[in-house]
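# Survey of secondary and tertiary structure
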Amino acid sequence: MSKIAVVYWSGTGNTEKMANCVAQGAREAGAEVDVFTASEFSVDGMDEYDGIAFGCPSMGAEQLEETEFEPMFADCESKLDGRKIVLFGSYGWGDGEWMRDWEANCQAKGAVMASDFVICNGEPDAEAEEACRNLGKMLV
């Protein structure tokens, strides 16, 4: 059985809703799943998981949340090489540049992207929720 971590930061609840859908999809695919907020997770836990889903909304000028998520993720970058991950998040403006940049950074660090990222504008609708469940399944 695969063991999956879903790690996210959410300011409005939109990315949290996406995280729960990712976790649901991974469970439906037979994985054991642990869900963490960014403040609850650290690089020390990465080796316990077969795959990790990272979720963060776009903040400011299309960037990762700087207080909790970005510092945690920066620590985790040292263990991305060869690790299976997926990315997801919501946004309220822009065109998803933060996610494209984040994915490119992860690939440059050697991460194995199990699927294309999932983003949605604002609160996830039924289509975005299904895409997140599928993201969880792909990670397994």
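Scroll up to find the structure this text is about.
Residues numbered from 1 in each chain as written. Predicted model: local features only at pLDDT ≥ 70, side-chain atom pairs only at ≥ 80, totals over all residues. Heavy atoms only, no water.

## With respect to the packing of aromatic side chains
The condition is simple: Any two rings among Phe, Tyr and Trp, with Trp reduced to its six-membered ring, count as a pair given centres within 6.5 Å; such a pair is stacked if its planes are under 30 degrees apart, edge-to-face if over 60, and tilted if neither. Where helices and strands are cited, they refer to DSSP runs of H or I of at least four residues and of E of at least two residues respectively, numbered from the N terminus. Accessibility here uses a 1.4 Å probe with only protein chains present; expressed as a share of the type maximum, an area under 20% marks a residue as buried, one over 50% as exposed, and anything in between as partly exposed.
One pass over the structure, following the stated rule, counts eight aromatic pairs. Ring centres 4.9 Å apart and planes at 85 degrees place the aromatic pair Phe54 and Phe73 in the edge-to-face group. Pair noted here: Phe54 is in strand E3 (residues 51-55) and Phe73 is in helix H2 (residues 69-76), with a separation of 19 residues, a long-range link. This pair shows no difference in class: Phe54 is buried, exactly as Phe73 is. A centroid spacing of 5.4 Å and a plane angle of 85 degrees characterise the contact between Phe73 and Trp102, whose relative ring orientation is edge-to-face. In this pair, Phe73 is assigned in helix H2 and Trp102 in helix H3 (residues 97-108), connecting sequence segments 29 residues apart. Note on accessibility: Phe73 and Trp102 belong to one class, buried. One aromatic cluster is present, built from ring pairs that chain together Phe54, Phe69, Phe73 and Trp102.

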